[in-house]
Amino acid sequence: MSKYMYEHTKMPPYLPMPRFLLNCPISNTAKMLYIRLLGKAQLSQKNRWMDGQGRVYFIYPIHQMAADMNKSETTIKDAMKELVKAQLLEKIPEGRGRPNRLYILFPDEENGQKSAVGKTTGVGQKTVSGYGGKLITSKYKSKNNSNPLRDYDYDEKESF
């Protein structure tokens with residue numbers, strides 16, 4: 001049964017979510033994985049798991065991530081690829097049959113979140129070609145859409 005929150009209600013265990021993830025152009029699964037990985041990194045920091053350069057690392061096997069998040073191993077691998085591409089995670093192989101050494105990364109606060117090519121990205125923005133080969137920016141991604149006329153552009157307050 002649910003209970004209301006009162007002045008002295010004890011908070012249930014929770015994981016912190018960094019604010020930069022709100023505007024990060026990655027999937028929700030990748031965001032949730034990052035939050036879990038951040039918790040693992042904090043535990044490693046507390047236990048002084050550091051490499052020769054003083055960087056905090058942790059080990060978290062993919063099969064364990066999948067079980068903890070109730071996702072398939074393929075889904076976890078895809079989310080990890082997103083995090084690596086977004087420069088939020090670094091994986092260092094430890095050898096055949098051994099889990100990777102993982103390093104959590106934070107975006108550069110001065111320059112905003114970077115894409116793989118180094119340009120500042122917005123939430124869900126992409127460039128599509130319009131009439132006459134002119135490039136236009138659309139806020140919404142569509143998969144396998146070769147027709148730019150169907151790539152609608154509208155604001156949050158508007159409906160389809």
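Our structure's up above, just so we're on the same page.
Anyway, here's the lowdown on the structure attached to this text.

Cut-offs used in this document
Residues numbered from 1 in each chain as written. Predicted model: local features only at pLDDT ≥ 70, side-chain atom pairs only at ≥ 80, totals over all residues. Heavy atoms only, no water. Helix = DSSP H or I, 4+ residues; strand = E, 2+ residues; numbered from the N terminus. Contact = heavy atoms within 4.5 Å. Axes fitted to C-alpha atoms, helices over the stretch in contact; angles between N-to-C directions. Parallel < 35°, antiparallel > 145°, perpendicular 65-115°, else oblique. Nonpolar A, V, L, I, M, F, W, Y, C, P; charged D, E, K, R; others polar. Expected span 1.5 Å × (residues − 1). Buried < 20%, exposed > 50% of the residue type's maximum accessible area, 1.4 Å probe, protein only. Arc of directions from axis to C-beta. Polar contact = N/O pair within 3.5 Å; in protein donor to acceptor, adjacent residues only side chain to side chain.

## Some points on the side chain of Ser-44
For step 1, the next point in the chain: Checked against the element boundaries, Ser-44 lands in helix α1 (residues 28-46).
For step 2, the next point in the chain: Those residues in contact with Ser-44, other than ones at most four positions away along the chain, are Trp-49, Val-56, Tyr-57 and Phe-58.

## Let's talk about the packing of helix α2 (residues 62-69) against helix α3 (residues 73-85)
For step 1, the next point in the chain: As a packed pair, α2 and α3 sit with axes 9 Å apart at the nearest point and diverge in direction by 105°. Overall, the two elements α2 and α3 adopt an arrangement that is roughly perpendicular. Of α3, the residues touching α2 (which contributes Ile-62, His-63, Met-65, Ala-66 and Met-69) are Glu-73, Ile-76, Lys-77 and Met-80.
For step 2, the next point in the chain: When its residues are assigned to classes, the contact of α2 with α3 shows six nonpolar, one polar and two charged.

## A word on α3
For step 1, the next point in the chain: Over its 13 residues, α3 runs 18 Å from end to end, which matches the ideal 18 Å to within 8%, given 1.5 Å per residue.
For step 2, the next point in the chain: Buried within α3 we find Ile-76, Ala-79, Met-80 and Leu-83. On an axial view of α3, the arc spanned by its buried residues comes to 100°, and they lie on one face. Facing away from the buried side of α3, by more than 90 degrees, are the exposed residues Thr-74, Lys-81 and Lys-85.
For step 3, the next point in the chain: On the buried face of α3, the contacting elements are α1, α2, β1 (89-92) and β2 (101-104).
For step 4, the next point in the chain: Just beyond α3, the residue with positive phi is Gln-87, at close to 60°.

## A word on the environment of Arg-98
For step 1, the next point in the chain: Topologically, Arg-98 is positioned in the loop between β1 and β2.
For step 2, the next point in the chain: From its side chain, Arg-98 meets the backbone oxygen of Glu-94 in a polar contact 3.5 Å long.

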